[in-house]
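# Structure assessment
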Amino acid sequence: MPRTLNTSAFLSAKGGVSKNHAKKNKSPYGSNAGVAGPQAGASGGHGIEFHKSKGQHILKNPLVVQSIIQKSGIKPTDTVLEIGPGTGNLTMQLLETCARVVAIELDTRMVLELQRRVAASPYASKLTLISGDVLRTELPYFDLCVANIPYQISSPLIFKLLAHRPAFRAAVLMVQREFAMRLVAKPGESLYCRLSANTQLLARCSHLLKVGKNNFRPPPKVDSSVVRIEPRNPPPPVNFTEWDGLVRLCFSRKNRTLGAIFKTNAVLDLLVRNAKLVQALGLGKANNASNATSGLEAMMAADGDGDGDEGMAAADDEEMAEATTGTGSKGGKASKEERDQVREKAIRVLHSAGNYEDKRSAKLSNEDFLALLAAFNAEGLHFSG
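An account of the accompanying structure is given in this report.

### Considerations on the overall build of the protein chain
- For the protein chain, the helix and strand inventory stands at 14 helices and ten strands.
- Long-range contacts, defined as pairs at least 24 residues apart, comprise 77% of the intrachain contacts of the protein chain with a sequence gap of at least 6.
- Element-wise, carbon and sulfur atoms account for 50% of the exposed surface of the protein chain, whose accessible area totals about 17100 Å².

### Some remarks on the packing of aromatic side chains
- In total, this model carries seven aromatic pairs according to the counting rule given.
- Seen in terms of ring centroids, Phe262 and Phe383 are 6.3 Å apart; in terms of plane orientation they differ by 85°. Their pairing is edge-to-face. Of this pair, Phe262 sits in the loop between α9 (258–261) and α10 (265–281) while Phe383 sits in the segment after α14 (366–378), and the two are 121 residues apart along the sequence. This pair shows no difference in class: Phe262 is buried, exactly as Phe383 is.
- Between the NZ or CZ atom of Lys359 and the centre of the ring of Tyr356, over which it lies, the distance is 4.6 Å.

### Quick word on the environment of Lys71
- Among the structural elements, Lys71 can be located in helix α2 (residues 62–72).
- Lys71 gets classed as partly exposed once you look at its relative accessible area, which sits at 37%.
- Placed 157 residues apart in sequence, Lys71 and Arg228 show a C-alpha to C-alpha distance of 8.9 Å.
- For Lys71, the residues in contact, after removing those within four places along its chain, are Val172, Leu208, Leu209 and Arg228.

### Let's talk about the nonpolar core
- Of all hydrophobic cores here, the largest spans 66 residues; its most connected members are Leu161, Leu173, Ile229 and Phe262.
- Here the element with the most residues in this core is helix α8 (residues 240–251); it accounts for seven residues.
- With near-sequence residues (within four places) excluded, Leu161 lies in contact with Leu81, Ile83, Leu139, Phe142, Cys145, Phe168 and Leu173.
- Within the second largest apolar cluster, 29 residues are counted, among which are Val65, Ile68, Leu94 and Leu129.

### Digging into the packing of α2 against helix α3 (residues 89–97)
- Where α2 contacts α3, the two axes come as close as 10 Å, and the packing angle between them is 35°. Helix-helix and strand crossings are classified by hand; for α2 and α3 the assignment is right-handed. Taken together, the residues of α3 that come into contact with α2 (itself represented by Val65, Gln66 and Ile69) are Asn89, Leu90, Gln93, Leu94 and Thr97.
- Grouping the constituent residues of the contact of α2 with α3 by class yields four nonpolar, four polar and no charged.

### A word on the pairing of strand β7 (residues 170–176)
- Counting buried residues in β7 gives six out of seven residues, a clear majority hidden from the surface.
- In the sheet, strand β6 (residues 144–148) pairs with β7 via five bridges, with the strands oriented parallel. Bridge pairing links Leu144 to Ala170 in β7.
- Crossover β6 to β7 through helix α5 (residues 154–163) is right-handed.
- Bridge analysis of β7 against strand β10 (residues 224–231) gives six bridges, and the strand direction is antiparallel. Following the sheet pairing, Leu173 is matched in β10 by Val227.

### Remarks on the side chain of Thr257
- With respect to the helices, strands and loops of the structure, Thr257 is situated in the loop between α8 and α9.
- According to the relative accessible area criterion, Thr257 is buried, its value standing at 17%.
- Once residues lying within four places of it in the same chain are set aside, the contact partners of Thr257 are Glu357, Asp358, Lys359 and Arg360.

### Side note on α5
- With eight of ten residues buried, α5 is to be regarded as a mostly interior element.
- Buried within α5 are the following residues: Ser154, Ser155, Leu157, Ile158, Phe159, Lys160, Leu161 and Leu162.

Calculation criteria
Along every chain, residues carry numbers that run from 1 in the direction the sequence is written. Only residues with pLDDT of at least 70 get local features here, since the model is predicted, and only at 80 or more are side-chain atom pairs given and counted; chain-wide, interface and lining totals rely on the full set of residues. Heavy atoms from the whole structure form the basis of all side-chain values; hydrogens and water molecules are not counted. Segments assigned H or I by DSSP are reported as helices when at least four residues long, segments assigned E as strands when at least two residues long, and all are numbered from the N terminus. We call two residues in contact when some of their heavy atoms are within 4.5 Å. Method for areas: the Shrake-Rupley scheme with a 1.4 Å probe, in which residue coverage is limited to the protein chains shown. In summary, the pairing rule links any two rings of Phe, Tyr or Trp, Trp by its six-membered ring, whose centres are within 6.5 Å, and it sorts them by plane angle into stacked for under 30 degrees, edge-to-face for over 60 and tilted for everything else. Relative accessibility decides the category of a residue: with a 1.4 Å probe and only protein chains considered, values under 20% of the type maximum give buried, values over 50% give exposed, and everything between is partly exposed. Two limits define a charge over a ring: the Lys NZ or Arg CZ must be within 6 Å of the ring centre, and within 35 degrees of the ring normal. Residues enter a nonpolar core if they are buried and are Ala, Val, Leu, Ile, Met, Phe, Trp, Tyr or Cys, with the set joined through side-chain atoms within 4.5 Å. Only C-alpha atoms enter the line fits that serve as axes; for helices the fit covers just the stretch in contact. Angles between N-to-C directions range over 0 to 180 degrees. Two helices cross in a left-handed way if the nearer one is turned anticlockwise from the farther one by less than a right angle. They cross in a right-handed way if the turn is clockwise. Each residue is assigned to one of three groups, with Ala, Val, Leu, Ile, Met, Phe, Trp, Tyr, Cys and Pro labelled nonpolar, Asp, Glu, Lys and Arg labelled charged, and all others, Gly among them, labelled polar. For two strands to be treated as a pair, DSSP must find no fewer than two bridges joining them. Handedness of a crossover: with both strands directed away from the viewer, a clockwise path from the first strand across the helix to the second marks it as right-handed.

The structure is reproduced here in C-alpha cells:
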C-alpha cells in the first residue's frame, strides 16, 4: 500500500541509513534519479549502496540534470511528477523551478535520504513524497512528468502515464537508448515496432538528448536517451483493445505481407472465434464506439516483442498462434468452410481498404492501421473477444 509522507514534519535521523535497514528494503526496480556528488564512491556519497541488478544507476553529471530541466519547459505554476527520485538532485532542482513536486519512490532507503535532504531546505512544504510501487499507485493530478525512470518498467510505466486522466501536458523521461529509438521510430526504419505504433497513436514522441553511460555511477551497460512524450488530447476515438489486437498480429511478422499473415490458419481461427463471440453477445459498431477509450491495459505490455525477423520464412501455424495469444477468445479450430469464408472476407478487406495485400507492417503508418481496423470491423471481423 503506497504511503504519502509529510516531508515538512520529518524529523531527520542522525547517522544515515544503517546497513541492516538497507538489507531489509530491497527494491525490485531501483532508483535512478539521484545524482552522486563529487566525493561519491560506490555508495554515491550518501551512505547508500546502489544495486546494478535492481537498475540503480545514479546520474552523477549535474550538467545533464540541468539540461533535462531546461528542456522540460517547466512553468512556475506546474505540479511535476517525478518517479524514482533516488537521492534527490533532480528533485531539488525541480523544487526550485515549479510550484509542487510529487515524487514516488519504492526504495525506503532512498525515501529516508530524500526526506532528510528536503527537510533541511526551504522547499519541504512543496514536496509530496509517496513511498510505494508506481505501477500499483493511483497517480495524483500533475501537469508534467520529469523523471529518470527505472528502465525495467519503462514500457508499462509509459502506458500507465498515457492512460492517466486528466491528461498531462508532457513527460520528459530518461530511458535506455534503444528503447527511446523504438519510441520515436518511423515506418520503414529498422526499430519501428508495435511499441512505436502504440505509443505514437496516443502521443507525439521526440528525442531530446543522448546521455552516455559514463554519466552514471555505477555505469550501465548501455547508453541512455531523454525523450519527450506529449499525450494526444483528446485521445483518438478507437477501441484500444481492438487496435492492440490488430497491431500485435501484424507485428508478429512485421516483414511478411499482410496477405500472407491473414491466410494463416491460426489467424483465420482467431477471426472466426471472435466473430462468433461478438455475434453471440450482440456486440457491434455501437459497442466499439462506446468503448473507444477503453482497453489501454492491453497496451501496457507493448514492449516491442513479437516483431518478426525479416529473414524468416513464412511462420507456421504454431508460431502465429503464439503471436495471437491475448488477442482474442480461446477455442478450438475453425472448420475448413469457416476458414475459407473468413479468408475471402479478409483478403477483400485488405484490397478494398487500399491494396494492402502486398504491404508489410514494417512500413505502415498509424493512419494505415486505423483504416484497416475500421474496414475489418465494418465487415464483422474483430481482433478481441
